[in-house]
Every structure is written in C-alpha cells, then in structure tokens.
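Each chain is listed here by its residues.
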Amino acid sequence: QVQLVESGGGLVQAGGSLRLSCAASGITFSRCAMGWFRQAPGKEREFVAGISWNGGITYYADSVKGRFTISRDNAKNTAVLQMNSLKPEDTAIFYCAAQTRPRIRVRSEDDYDYWGQGTQVTVSS
C-alpha cells in the first residue's frame, strides 16, 4: 500500500515557525520527486514547494520564497517543509505529494501520483 502521512501541523502565532514532515511508504522514495501543496478555505489547492529525487533542485511558490524550505532524507523516506515567518494567510491544510515517474513540471496537481491526507496549519494574527 502506498501511503504518505503528514505531521507537524498546529496553531502558531504570526511570525512563528512550524516544521511539517511527510513519511512515505510503499514507494521507492529515493526515485520520487516530492511536493507540498496547500488548500485554504474558499480557495483552490495551490503549489507550495517541490524537490527533486536527490534534493539537488528545489522549487517554491512566490508567496513562500525566503520563508519556507523544502528538504528530504531519503534514508528515512521523509520529506520536510520548514516554515518560518508564518503569516495568517498561510493558514491552510497542507498536503504532501509524490511523483513516481519522470516529469518536467512540478507545480501542477496533475504532475503527482500519490497524496497524503493533509495536516492543518493555523496562523493567528
């Protein structure tokens, strides 16, 4: 069974930090590019960050550049999203996603094959 499980969400004050983790199983994690998406109430799911199979290339949405950092530990089958300087507009359910075949694009939902259940991030003003 392919499974992606997010953790680390919670409630934090504006300006604070959270570290989200995605634990993967049932896939060859070291061969998969990974991504983070989020969905706020009343909005479409949007791309947040992506990382290549070996961690050598990263991608970020303009709204999080300079504040969020995506990383991975292939030995632990884990992808991480470190979020600093959080803003109320970051409030959303955050989802982890995996690519299991080569792709050129990383910013579309259609570019990912498996998804986690999501973890809630709430930033108070």
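That block above? That's the structure.
Not measured: the values here are computed from a predicted model.

Draft legend 1. Inspection of the overall build of the protein chain at higher detail. On a plain count of helices and strands, the protein chain comes out with zero helices and eleven strands. Along the chain direction, N to C, the helices and strands of the protein chain fall in the order β-β-β-β-β-β-β-β-β-β-β. Rg of the C-alpha trace for the protein chain: 13 Å, near the compact-globule value of 14 Å for 125 residues, within the 12% margin. With respect to the three principal axes, the spread of C-alpha positions in the protein chain is 40 × 25 × 25 Å. Going through the 125 residues of the protein chain one by one, you find that 44% of them count as buried. The long-range share in the protein chain, meaning contacts at least 24 apart out of those at least 6 apart in sequence, stands at 57%. Side chains of the protein chain give 14 positive and 11 negative charges; the mean places of these two sets differ by 5 Å.

Draft legend 2. Structural view of the state of the cysteines. Tallied over the full model, the rule gives one disulfide. Here Cys22 engages in a disulfide with Cys96; their sulfurs sit 2.0 Å apart. When the S-S torsion is -75 degrees, as for the bridge of Cys22 with Cys96, the disulfide is left-handed. Of this pair, Cys22 sits in strand β3 (residues 18-25) while Cys96 sits in strand β9 (residues 92-98), and the two are 74 residues apart along the sequence. Residue classification places Cys22 among the buried residues on the basis of a relative accessible area of 0%. Given a relative accessible area of 0%, Cys96 falls into the buried group.

Draft legend 3. Up close: the pattern of salt bridges. Counting across every chain of the model gives five salt bridges. Ionic pairing is found between Arg38 and Glu46, a salt bridge with its closest N-O pair at 2.7 Å. Salt bridges linked by common partners bring Arg38, Glu46, Arg67 and Asp90 together as one network.

Draft legend 4. Inspection of the sheet that holds strand β8 (residues 78-83) at higher detail. In space, the four strands of this open sheet follow the order β1-β3-β8-β7, with antiparallel pairing throughout. Looking at strand neighbours, the two that pair on one side only are β1 (3-7) and β7 (68-73), the edges of this open sheet. Sheet twist, expressed as the average angle between the axes of neighbouring strands with direction ignored, equals 15 degrees. Both β1 and β3 contribute to a ladder of five bridges, which runs antiparallel. By the bridge assignment, Ser7 is partnered in β3 with Ser21.

Analysis parameters
- Residues numbered from 1 in each chain as written.
- Predicted model: local features only at pLDDT ≥ 70, side-chain atom pairs only at ≥ 80, totals over all residues.
- Heavy atoms only, no water.
- Helix = DSSP H or I, 4+ residues; strand = E, 2+ residues; numbered from the N terminus.
- Rg over C-alpha atoms; globule rule 2.2 N^0.38 Å.
- Buried < 20%, exposed > 50% of the residue type's maximum accessible area, 1.4 Å probe, protein only.
- Contact = heavy atoms within 4.5 Å.
- Lys, Arg positive; Asp, Glu negative; His and termini not counted.
- Charge placed at Lys NZ, Arg CZ, Asp CG, Glu CD.
- Disulfide = S-S within 2.5 Å.
- Salt bridge = Lys/Arg side-chain N within 4 Å of Asp/Glu carboxyl O.
- Pairing = 2+ DSSP bridges.
- Axes fitted to C-alpha atoms, helices over the stretch in contact; angles between N-to-C directions.

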